[in-house]
Amino acid sequence: MSSYLVRRLWQMVPILFGVSLGAFAFLQAVPGDPARLLAGPDATLQDVQLVRARLGLDRPLILRYVYFLRNALVGDFGRSFRSGEAVAAIVARHFGPTLLLSVASVVFATVTGLGVGLLQAVRRNTAPDYVSTVVSVAGISTPPFFLGLLLIYLLAVGLRWFPTGGMGTARSLVLPALTLGAGVAATIARFARSSLLEVLGEEFVRTARAKGLEERSVLLKHALRNALIPVVTMIGLQFGFLLSGAIVVETVFSWPGLGWLMVQSISFRDYPVLVAEILLFSLQFLVINLVVDLLYAGLDPRVAYG
Amino acid sequence: MARTAVVSIGVRPRVVSLGRRSLARFVRRRTAMAGGIVSSVFVVMMLLGLWIAPYSPAATDYNRTLELPSLAHLAGTDDFGRDIFSRIVVATRYSLGMGLGAVFLGAALGMAWGIASGFYGRAFDNVSMRIVDIMLAFPGILLAIVVVAILGPGLVNVVLAIGVFTIPSFARLARAPALAAKAQEYAQAARALGASNSRIMGRHLLPNVLPSCLVYVTLRVGTAILTASSLSFLGLGVQPPTPEWGAMLAQSRVFLNVAPHLVIGPGVAISLAVLGFNLLGDGMRDALDPRLRD
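A.B. asks: Summarise the overall build of chain B; cite the residues concerned and give the values.
C.D. replies: Assigned secondary structure in chain B consists of 11 helices and zero strands. Each helix and strand of chain B, placed in order from N terminus to C terminus, yields the pattern α-α-α-α-α-α-α-α-α-α-α. Considering only contacts within chain B whose residues lie at least 6 apart along the sequence, 69% involve residues at least 24 apart.

A.B. asks: Got a sec to walk through the overall build of chain A? Specific residues and values, please.
C.D. replies: A tally of regular secondary structure across chain A gives 12 helices and zero strands. Of the regular secondary structure in chain A, the N- to C-terminal order runs α-α-α-α-α-α-α-α-α-α-α-α. Restricting the contact set of chain A to residue pairs at least 6 apart, pairs at least 24 apart contribute 70%.

A.B. asks: Hey, could you go over the interface of chain B and chain A for me, with residue numbers and the actual values?
C.D. replies: Contact residues are listed per partner, giving 31 residues for chain B and 35 residues for chain A. Listing elements by their share of the side of chain B that touches chain A, those giving two or more residues are α5 (122–137), α6 (140–151), α9 (197–233) and α11 (261–288) of chain B. Looking at the side of chain B that touches chain A element by element, the count peaks at seven residues for α11 of chain B. Residue composition of the side of chain B that touches chain A, grouped by class: 21 nonpolar, seven polar and three charged.

A.B. asks: Can you explain helix α6 (residues 127–141) of chain A? Please cite residues and give values.
C.D. replies: For α6 of chain A, which comprises 15 residues, the first-to-last C-alpha distance of 21 Å matches the rise-based estimate of 21 Å (1.5 Å per residue) to within 8%. Against the buried residues of α6 of chain A lie α5 (87–122) and α8 (171–200) of chain A together with α11 of chain B.

A.B. asks: Pulling in residues and values, what's your account of the nonpolar core?
C.D. replies: Counting residues in each nonpolar core, the largest one holds 153 residues, and the members touching the most others are I188 of chain A together with A144, I145 and I225 of chain B. With 18 residues, the single largest contributor to this core is helix α4 (residues 84–120) of chain B. Every residue in contact with I145 of chain B, bar those within four places of it in the chain, is listed here: I247, M262 and I266 of chain A together with L236 of chain B.

A.B. asks: Account for unusual backbone geometry, with residues named and values stated.
C.D. replies: P240 of chain B connects to P241 of chain B through a cis peptide bond whose omega is 10°. Considering the arrangement of structural elements, one finds P241 of chain B in the loop between α9 and α10 (245–252). We note that S254 of chain A has phi near 45°; this positive angle belongs to a residue other than glycine. Inspection of the secondary structure puts S254 of chain A in the loop between α10 (215–252) and α11 (258–267). According to the C-beta neighbour criterion, S254 of chain A is partly exposed, with 14 such atoms within 10 Å.

A.B. asks: Tell me about the domain arrangement of chain A, residues and numbers included.
C.D. replies: All names here are of chain A. Looking at the assigned domains, one finds that chain A contains domain 1 (15–72) and domain 2 (97–299). Residue-level contacts link 12 residues of domain 1 with eight residues of domain 2. Counting only elements with at least two residues in the side of domain 1 that touches domain 2, the list comes to α1 (2–29) and α2 (34–39). It is α1 that contributes the most residues to the side of domain 1 that touches domain 2, seven residues altogether. For the side of domain 1 that touches domain 2, the residue count by class is 10 nonpolar, two polar and no charged.

A.B. asks: Would you mind going over the packing of α10 of chain B against α11 of chain B in detail, with residue names and values included?
C.D. replies: Residues and elements named next belong to chain B. At their nearest, the axes of α10 and α11 sit 9 Å apart, and the two run at 155° to each other. Accordingly, the angle class assigned to the pair α10 and α11 is roughly antiparallel. Note on packing geometry: the crossing formed by α10 with α11 is left-handed. Contacts between α10 and α11 pair W245, M248, L249 and S252 from the former with L262, V263, P266, G267, A269 and I270 from the latter. When grouped by side-chain class, the residues that make up the contact of α10 with α11 number eight nonpolar, two polar and no charged.

A.B. asks: How would you sum up the confidence of the model for chain B? Please name residues and give values.
C.D. replies: Confidence in the prediction for chain B averages 83 pLDDT; 88% of positions are at 70 or higher. Interface confidence in the predicted complex, given as ipTM, is 0.78; pTM for the same model is 0.81.

A.B. asks: So, the environment of V263 of chain B: which residues are in play, and what are the values?
C.D. replies: Within the secondary structure layout, V263 of chain B lies in helix α11. C-alpha of V263 of chain B to C-alpha of A250 of chain B: the two residues are 13 residues apart in sequence and 8.4 Å apart in space. Not counting residues up to four positions away in its chain, the partners in contact with V263 of chain B are L149 of chain A together with L249, S252 and L256 of chain B.

A.B. asks: Any details on the environment of I115 of chain B? Residues and values, ideally.
C.D. replies: Residues and elements named next belong to chain B. Assignment of secondary structure puts I115 in helix α4. Judged by local crowding, I115 falls into the buried class, with 25 C-beta atoms found within 10 Å. Residues I115 and L288, 173 residues apart in the sequence, show an inter-C-alpha distance of 21 Å. Excluding residues within four positions of it along the chain, I115 makes contact with A174, A178, M201, L205, L206 and V209.

Quick notes on the rules
- Residues numbered from 1 in each chain as written.
- Chains lettered and ligands numbered in written order.
- Predicted model: local features only at pLDDT ≥ 70, side-chain atom pairs only at ≥ 80, totals over all residues.
- Helix = DSSP H or I, 4+ residues; strand = E, 2+ residues; numbered from the N terminus.
- Contact = placed C-beta atoms within 7 Å.
- Nonpolar A, V, L, I, M, F, W, Y, C, P; charged D, E, K, R; others polar.
- Expected span 1.5 Å × (residues − 1).
- Core = buried A, V, L, I, M, F, W, Y, C linked by C-beta atoms within 7 Å.
- Buried ≥ 20, exposed ≤ 12 C-beta atoms within 10 Å, placed from the backbone.
- Domains from an automatic or database assignment.
- Axes fitted to C-alpha atoms, helices over the stretch in contact; angles between N-to-C directions.
- Parallel < 35°, antiparallel > 145°, perpendicular 65-115°, else oblique.
- Left-handed = near helix turned anticlockwise from the far one by under 90°.
- pLDDT = per-residue confidence, 0-100.

Structural data, given as structure tokens:
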């Protein structure tokens, strides 16, 4: 197990190296001169030169990449073009809200998705099954920004149950988490349904029933646990996509997270912040994939890593 | 009527061609048919939108702003008094056009990549598949946003951006059948007869790769439409006053309190288009290539 973990972590190195190279190349490819941008519209040529030297933009390309990599490894992504603040501090400040939102969405999506999937599998081909299938297909197809605006109109503007945006009390978390989690819940429900139906046909389920176990414990202890294996992968993959879904949802609800920050840094051409975010998003995605693989072994004793 | 005819094809013990059987399975899935109909309607709107739309999408009427849906204006009017229904119809050519364009671009490049990777093998295969892994490690919309950040917003750049993140999945999908076909006698024979590499890849490997990739194209169109409209919603895609569903939604946000119908029209259009193509794709996958099922 531990040697597997070491190998997997080791495999991440070339991928992260590739991502960092991509991110650096991106920094070089963006149009516009960041030094001129930072110096302001009234700056003289000399001012621009000064800013350029201060940012280290006058050094050769390879040297800049080496600096970039060395600094990135210790968490130093330079300073924001926009505010002059350290990028690491900015990103750290916006990380919490996104984490909170993602976790809340995943919890909501998992509970709802598994519940609906279980209901569908048990009541297969009945009205509740059909209705929830239609609802979940609609949930997958509705763009999060549209769903978000609908929820704002109905529950925030109309009924005034929740604020329309921003991050304040626990109440302000509800609508963004619902919006972000809806599609994931639908996907989980679909997976849980088909996975459960498959497991319910297995012999060990028949055995469990034959020895007189309550249906409830057959479902929850024997069927659900085995059906969870593909579902966990799904949740893990969805978690990664949640991080990117957050870009849209955070913009809709003015939620001060990483996604909102990303849109801001693009419109202000704040490239150091953008690059740090790209690296962070990729790292998160890789880590989540690893955690999902490790969870397999926990859920299914048949899976062994050596 | 049509349905009973289809069922009887399945029941009658007679040899039916593979195409016929696929069609029967396809029709049996009514949801797939519904998806096919919905996406056909959108394709027609994309091609003939300017002629279908009752008003010009740019015609303003300041005496009739933010009007509720009526017979004269089926989806109401926006803050400039423009007919929302006409704008939604005309927007299809941008929203759907971007989605289709991006997927075709990504599919063409991805297939070429996958075939080349399978054909040349060795180090080239190894390196190119690792690059695919890295690209797949990024969530799609993130990659698209990065590309748009480099190239700047706009219709063509959105197509390129979504095309880029569509490439790796097609490359991975195309590689395996290309690899298998390379080892077949006909490919070996072609090589023995002195066919060039590009001829072997184009004439002998490509036909093996096409079926799964074509099905996958349909499956990806929904995602591409969604991403394109998301980018426009974020202000990174098609810019106003061009009618585009995502951009229309973004502009309508401020009127949510007073005129929610501004949001509903374009939102429903995106949802329906995505739903239609997803259902069509699912049905095509089940009928033509069940192996793609995950």
